[in-house]
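Structure at a glance
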Amino acid sequence: MRNFLLITNPYKDMDLRLTNEILEYIRARGGSASYLLSNIRRKGRGDFDVQEVPEGTECILVLGGDGTLIRAATEAESLRIPLIGVNLGTLGYLCELTEATVFPAIDRLMNGEYVTEERMLLTGYQGSDKSDARVALNDIVIHREGPLSILSLVVYVNGKLLNTYHADGVIVATPTGSTGYSMSAGGPIVDPKTSLILLTPINAHNLNSKSIVLGPDDVIEIEIGNRRAEADECASVSFDGDEVARIAVGERFVISRSDNTTQICKLNNRSFLELLGKKMQTYN
């Protein structure tokens with residue numbers, strides 16, 4: 001690898017100090033490097049435009065935290081460029097590097113001493129209009145909005161009724177997202193390299209509501225059911241924490257596996273379970 005792009009969260013790298021140091025380091029070793037800013041809330045999207053990624057980019061270094069890496073991965077998913085995260089936050093499952101390890105890591109990347117992991121993505125759209133489909137690396141969440149009132153969520157899998165949840169919402173997560181919101185809602189933790197879909201209700205009022213593990217090729221449809229005569233309930237739809245749509249009673253949102261995947265660069269041989277154990281001990 002010789003051609004790098006840095007995607008930086010300017011709230012984590014104040015004054016772009018580390019960004020500029022990395023740019024100089026790469027260029028001094030005969031590589032090329034440029035940078036884009038993430039999480040700057042422009043165009044209502046909160047991120048860079050994928051058309052700004054230079055042609056020939058071989059690796060994207062993401063400076064920030066897991067959230068910054070997730071945004072970069074979903075924005076650039078169509079380019080299939082490997083990413084590696086530099087954690088400048090607190091807790092990071094996705095970001096392998098830190099400020100202390102980023103420079104030796106660049107040497108290894110330039111020498112080809114790395115492997116890549118394929119991470120599954122989800123895609124979702126409302127009704128039958130696939131033109132507005134978006135992708136998520138962690139999860140797609142349908143959740144209540146406004147006054148404190150539960151939703152009636154009718155869930156279909158491959159066209160067949162699975163269950164009706166009376167809950168604050170439902171999380172549809174990838175294996176990568178199993179350590180995020182899904183875990184907080186009681187869902188299982190799974191190895192991010194696997195291919196499956198997790199469905200977890202949020203604060204369900206059903207005694208038998210448990211997280212369900214579905215196949216990677218299953219198609220999930222979630223409909224907002226009518227709980228009262230007014231039929232005025234609405235729910236919000238969030239992709240990796242960003243609210244992107246609203247659905248009303250009788251409307252459906254369709255979620256399935258994306259045709260694309262995200263490639264994450266790996267430099268060390270630590271297993272997911274080893275990393276998980278370390279994080280759990282640190283934040284117990």
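Residues numbered from 1 in each chain as written. Predicted model: local features only at pLDDT ≥ 70, side-chain atom pairs only at ≥ 80, totals over all residues. Heavy atoms only, no water.

The subject of this paragraph is the overall build of the chain. When helices and strands are counted, the chain shows five helices and 16 strands. Burial statistics for the chain: of 284 residues in total, 51% are counted as buried. Restricting the contact set of the chain to residue pairs at least 6 apart, pairs at least 24 apart contribute 68%. Here the chain displays about 13300 Å² of accessible surface, and carbon together with sulfur accounts for 47% of that area. (Helix = DSSP H or I, 4+ residues; strand = E, 2+ residues; numbered from the N terminus. Buried < 20%, exposed > 50% of the residue type's maximum accessible area, 1.4 Å probe, protein only. Contact = heavy atoms within 4.5 Å. Areas by Shrake-Rupley, 256 points an atom, 1.4 Å probe, with all protein chains shown as cover.)

Looking now at the pattern of salt bridges. Where side chains of opposite charge bring their charged atoms close, a pairing between them can arise. Enumeration over the complete set of coordinates arrives at 13 salt bridges. Of the charged contacts in the structure, one is a salt bridge between R17 and E21, with a shortest N-O distance of 3.3 Å. Highlighted residues: R17 and E21, both in helix α1 (residues 17–28), separated by four residues, approximately one helical turn. Relative accessible area serves as the criterion here: at 33%, E21 is assigned to the partly exposed category. Here E113 ties to R108 by a salt bridge, and the two come within 3.5 Å at their closest N and O atoms. (Salt bridge = Lys/Arg side-chain N within 4 Å of Asp/Glu carboxyl O.)

We now examine the sheet that holds strand β12 (residues 212–214). Sheet strands pair via backbone hydrogen bonds, and the direction of the pair is either parallel or antiparallel. Within the open sheet, the six strands sit side by side as β12-β11-β10-β7-β14-β15. Their pairing is antiparallel. Both outer strands of the open sheet, β12 and β15 (242–248), are each paired with one neighbouring strand and no more. Taken over all neighbouring pairs, the strand axes of this sheet differ in orientation by 20 degrees on average, direction set aside. Both strand β10 (residues 169–173) and strand β11 (residues 197–202) contribute to a ladder of five bridges, which runs antiparallel. (Pairing = 2+ DSSP bridges. Axes fitted to C-alpha atoms, helices over the stretch in contact; angles between N-to-C directions.)

Time to look at the environment of D107. Tracing the chain through its elements places D107 in helix α3 (residues 102–110). With a relative accessible area of 27%, D107 lands in the partly exposed category. Separated by 78 residues in sequence, D107 and R29 have C-alpha atoms that sit 8.7 Å apart. Dropping the residues within four chain positions of it, D107 is found in contact with Y25 and R29.

This part covers the packing of α1 against α3. The description of two helices packed together rests on the angle between their axes and the distance between the axes. Close contact between α1 and α3 brings their axes to 11 Å; oriented N to C, the two are set at 35 degrees. Crossing handedness for the pair α1 and α3: right-handed. On the side of α1, the interface is formed by L18, E21, I22, Y25 and I26, while α3 contributes V102, F103, I106, D107 and M110. When the residues that make up the contact of α1 with α3 are grouped by side-chain class, the tally is eight nonpolar, no polar and two charged. (Left-handed = near helix turned anticlockwise from the far one by under 90°. Nonpolar A, V, L, I, M, F, W, Y, C, P; charged D, E, K, R; others polar.)

Both strand β8 (residues 151–157) and strand β9 (residues 160–167) contribute to a ladder of seven bridges, which runs antiparallel. Among the inter-strand pairings, L153 is bridged to a residue of β9, identified as Y165. Between β8 and β9, which pair antiparallel and follow one another directly, the connecting turn spans two residues, one of which, N158, has a positive phi of 55 degrees.

A few words now on helix α2 (residues 66–75). Within α2, nine of the 10 residues are buried, leaving the element largely enclosed by the surrounding structure. Among the residues making up α2, those that are buried are D66, T68, L69, I70, R71, A72, A73, T74 and E75. At its buried positions, α2 is contacted by β1 (3–8), β3 (59–64), β4 (83–87), β6 (134–136), β15 and β16 (252–266).

It is worth spelling out the nonpolar core at this point. Ranked by size, the top nonpolar core spans 26 residues in total, and within it I142, I220 and I222 carry the most contacts. Among the elements that line this core, the one with the most residues is β8, at four residues. In this structure, I22, L63, V86 and A105 belong to the second largest nonpolar core, which totals 23 residues. (Core = buried A, V, L, I, M, F, W, Y, C linked by side-chain atoms within 4.5 Å.)

On to the state of the cysteines. Going through the model one piece at a time under the given rule, you end up with zero disulfides. Free cysteine C59: the closest other cysteine sulfur is in C265, separated by 4.4 Å. (Disulfide = S-S within 2.5 Å.)

Our next topic: the packing of aromatic side chains. Under the counting rule described, the total for this entry stands at two aromatic pairs. Aromatic pair F239 and F253: ring centres 6.1 Å apart, planes at 70 degrees, arrangement edge-to-face. Of this pair, F239 sits in strand β14 (residues 234–239) while F253 sits in strand β16, placing them 14 residues apart in sequence. Sitting over the ring of Y25, R29 keeps its end group 3.5 Å from the ring centre. Directly above the aromatic system of Y156 lies the positively charged group of R252, at a separation of 4.0 Å from the ring centroid. (Phe/Tyr/Trp six-rings, centres within 6.5 Å; stacked < 30°, edge-to-face > 60°. Lys NZ or Arg CZ within 6 Å of the ring centre and 35° of its normal.)

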